[in-house]
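Chain by chain, the residues run as shown.
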Amino acid sequence: MEQYLNPDTLGKMYIDGEWREAASGKTRDIIYPYDQRKIARVTEGDVEDARQAIAAARRAFDKGDWARTPASERGALVGKLADLIERDAEELAALESWDTAKTMEESRGDMQDIAGIFRYFAGLADKDAGEVIASPIPNTTSTIVREPVGVCGQISPWNYPLLQASWKMAPALATGNTIVMKPSEDTPLTTIKVTQLAEEAGFPAGVVNLVLGAGPTVGKELAESVDVDLISFTGGIETGRKIMQAATGNMKKIAFELGGKNPNVIFADTDLELAIDYVLNGIFFHAGQVCSAGARLIVEDSLHDKLVEGVIERTKKIRLGEAFDPKTEMGPLISEKHRAKVERYIQIGKDEGAKLVLGGDRPSDPALQKGFFVNPTIFVDCDTSMRIVQEEVFGPVLTVERFHTEEEAIRLANDTTYGLSGAVWSKDQNRAHRVASAMRMGTVWINDFNIYFAQAPWGGYKQSGIGRELGAAGLEEYTEIKHVYQNY
Ligand code: NAD
């Protein structure tokens with residue numbers, strides 16, 4: 001770890017082009033969830049620090065230089081940041097694995113994606129040609145242009161710390177906004193490192209600001225401040241409700257990526273082995289701490305027993321372990337508090353009559369006792385009246401429901417307040433498309449799972465979110481549309 005630390009800056013906030021410690025002098029220890037080892041100490045910002053960061057972003061935006069910088073130059077800076085992320089990808093991946101205990105293989109994949117996301121938005125920066133529309137009034141012209149929104153508060157979660165931050169930073173900077181980024185207090189290390197790289201890339205002072213600290217202090221200030229024009233938040237739905245209320249003071253724009261309870265609908269004509277692979281990948285990847293985790297398996301009655309049997313057999317072989325051991329397939333949960341939540345849900349599932357067929361407990365391996373592990377868990381005989389089916393557990397817990405008809409499959413898949421993503425598996429392409437179009441979700445995969453990329457928009461229907469990240473839609477979130485009308 002030490003080889004990656006830069007003691008001069010790691011652990012500090014970046015405000016107005018300077019690395020600073022919190023005014024209060026408070027710090028927070030960051031731990032490795034595999035064995036609770038302390039891996040870093042970071043400064044713990046407070047409301048006053050958030051105010052200073054917001055003020056710096058406000059000054060930098062109001063000065064106007066950044067928004068007026070030619071879009072191609074802004075794009076070049078965002079592209080340079082992509083290059084630097086690629087240069088330091090191995091270091092960033094290690095930091096992410098220390099912070100979250102996700103496997104190095106997963107973290108390496110994230111870093112590749114992140115560089116691609118910065119590069120994609122760098123490329124889009126100068127592509128907005130504006131629009132001239134036919135004005136209905138003689139001797140006039142109407143021009144439509146897009147402009148940056150202003151100061152953007154950006155709040156990210158702990159499950160994909162840098163990936164989620166990059167979905168916000170890259171489009172905001174490419175379009176000429178100034179930002180105040182607040183990573184999760186549990187996992188700030190890679191966001192600190194990327195802020196260092198943004199400084200190295202040469203963003204002007206005040207354009208990129210980083211505040212560290214807790215949600216209810218620093219995050220709340222970003223949501224409430226009248227000097228913040230847009231708040232972009234990824235996290236849990238209850239936090240989303242609080243931020244939405246806090247944002248009403250100045251009617252700031254909101255962009256929310258919230259939770260999911262994603263159905264994985266499998267018809268009997270699906271290739272069994274392939275389906276088993278993706279059921280496992282859908283729910284046990286990153287120990288189920290994924291907003292788009294395939295937590296609900298909805299399977300056609302005639303395939304049910306064979307599929308469940310196959311899933312159980314394969315799940316038993318999942319190797320739990322340490323992030324830096326290449327044999328590890330699943331790591332621990334992020335914290336003791338989060339494990340307690342997952343275990344509460346397992347008890348709820350049992351109490352409401354779901355049948356536990358695998359897991360539900362902690363591993364007995366002595367080597368894993370300090371980590372926040374829960375064994376991969378499978379419940380069958382589930383239905384949509386159960387909380388274990390309706391609420392986001394955010395852990396390695398799979399529920400299984402069965403269906404008999406296409407209509408029933410669609411009804412079950414949609415019987416949720418969430419609408420982030422889902423999948424349908426069938427060799428009958430017509431049916432797969434029919435079902436996909438009936439599913440009320442922001443993303444539906446056909447014969448695949450958990451695929452996303454910079455070019456395609458990502459976001460939720462219903463209570464899974466407001467607005468979109470990624471794709472052209474993700475760029476537009478960070479712009480205002482202006483109509484310039486001229487009489488001549
Ligand atoms: P969380 O809501 O607890 O915290 C997210 C962020 O919000 C953190 O930075 C936290 O400090 C901050 N926060 C907490 N209270 C706040 C407040 N009162 N005001 C302002 N900010 C506050 O979520 P989490 O546990 O870090 O992340 C898990 C959740 O994120 C899950 O529900 C998951 O589904 C969701 N998620 C969604 C997506 C998506 O793309 N839709 C992606 C990743 C994670």
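Residues numbered from 1 in each chain as written. Predicted model: local features only at pLDDT ≥ 70, side-chain atom pairs only at ≥ 80, totals over all residues. Heavy atoms only, no water.

Turning next to the packing of aromatic side chains. The description of an aromatic ring pair uses the distance of the two centres, along with the angle that the planes make with each other. According to the stated counting rule, one finds 17 aromatic pairs in the structure shown. Relative to F324, the ring of Y32 has its centre 6.3 Å away and its plane inclined at 55°; by these criteria the two rings are tilted. A residue pair is termed long-range when its members are at least 10 positions apart, and Y32 in strand β3 (residues 27-32) and F324 in the loop between α11 (301-316) and α12 (336-351) qualify at 292 residues. Take Y32: its relative accessible area is 0%, and that puts it in the buried class. Aromatic side chains Y452 and W458 sit 6.4 Å apart centroid to centroid with 55° between the ring planes, which places their arrangement in the tilted category. Linked through ring pairs, Y32, Y34, W98, F324 and F373 together constitute an aromatic cluster. The cationic tip of K102 hangs over the ring face of Y160; the distance from NZ or CZ to the ring centre is 3.7 Å. (Phe/Tyr/Trp six-rings, centres within 6.5 Å; stacked < 30°, edge-to-face > 60°. Helix = DSSP H or I, 4+ residues; strand = E, 2+ residues; numbered from the N terminus. Buried < 20%, exposed > 50% of the residue type's maximum accessible area, 1.4 Å probe, protein only. Lys NZ or Arg CZ within 6 Å of the ring centre and 35° of its normal.)

Read across the open sheet, the three strands follow the order β5-β6-β20; overall the sheet is antiparallel. A strand with exactly one partner marks an edge of an open sheet, and here the two such strands are β5 (131-133) and β20 (479-487). Along the sheet, successive strands turn relative to each other by an average axial angle of 25°, direction set aside. (Pairing = 2+ DSSP bridges. Axes fitted to C-alpha atoms, helices over the stretch in contact; angles between N-to-C directions.)

Opposite charge on two side chains allows them to pair when their charged atoms are near. One pass over the structure, following the stated rule, counts 40 salt bridges. A salt bridge links R87 to D88, with the shortest nitrogen-to-oxygen separation between them at 2.9 Å. D126 is the partner of K127 in a salt bridge, and the nearest nitrogen-oxygen pair spans 2.7 Å. Residue D126 is classed as partly exposed on the basis of its relative accessible area of 38%. Through salt bridges with shared partners, a single ionic network connects R87, D88, E91, K193 and E200. (Salt bridge = Lys/Arg side-chain N within 4 Å of Asp/Glu carboxyl O.)

In terms of nonpolar packing, the biggest core is built from 139 residues, with I85, F118, F121, F203, I266, L307 and I388 touching the most fellow members. Of all the elements, helix α5 (residues 104-124) adds the most residues to this core, at ten residues. If we ignore the near neighbours within four places in the chain, the residues touching F118 are V78, L81, A82, I85, S166, M169 and A170. Within the second largest apolar cluster, 13 residues are counted, among which are F267, I298, A409 and I410. (Core = buried A, V, L, I, M, F, W, Y, C linked by side-chain atoms within 4.5 Å. Contact = heavy atoms within 4.5 Å.)

The next subject is helix α14 (residues 406-414). Extensive coverage of α14 is indicated by the burial of seven of its nine residues. Within α14, burial applies to E406, E408, A409, I410, L412, A413 and N414.

Angle between the axes and distance between the axes are the two parameters that describe a pair of packed helices. Running from amino to carboxyl end, helix α1 (residues 47-63) crosses helix α8 (residues 215-224) at an angle of 35°, the nearest separation of the two axes being 8 Å. Between α1 and α8 lies a crossing whose hand is right-handed. Here α1 contributes V47, A50, R51 and I54 to the contact with α8, which in turn contributes T217, V218, E221 and L222. Its residues placed into classes, the contact of α1 with α8 shows five nonpolar, one polar and two charged. (Left-handed = near helix turned anticlockwise from the far one by under 90°. Nonpolar A, V, L, I, M, F, W, Y, C, P; charged D, E, K, R; others polar.)

Without other data, these values stay purely geometric and don't point to any function.
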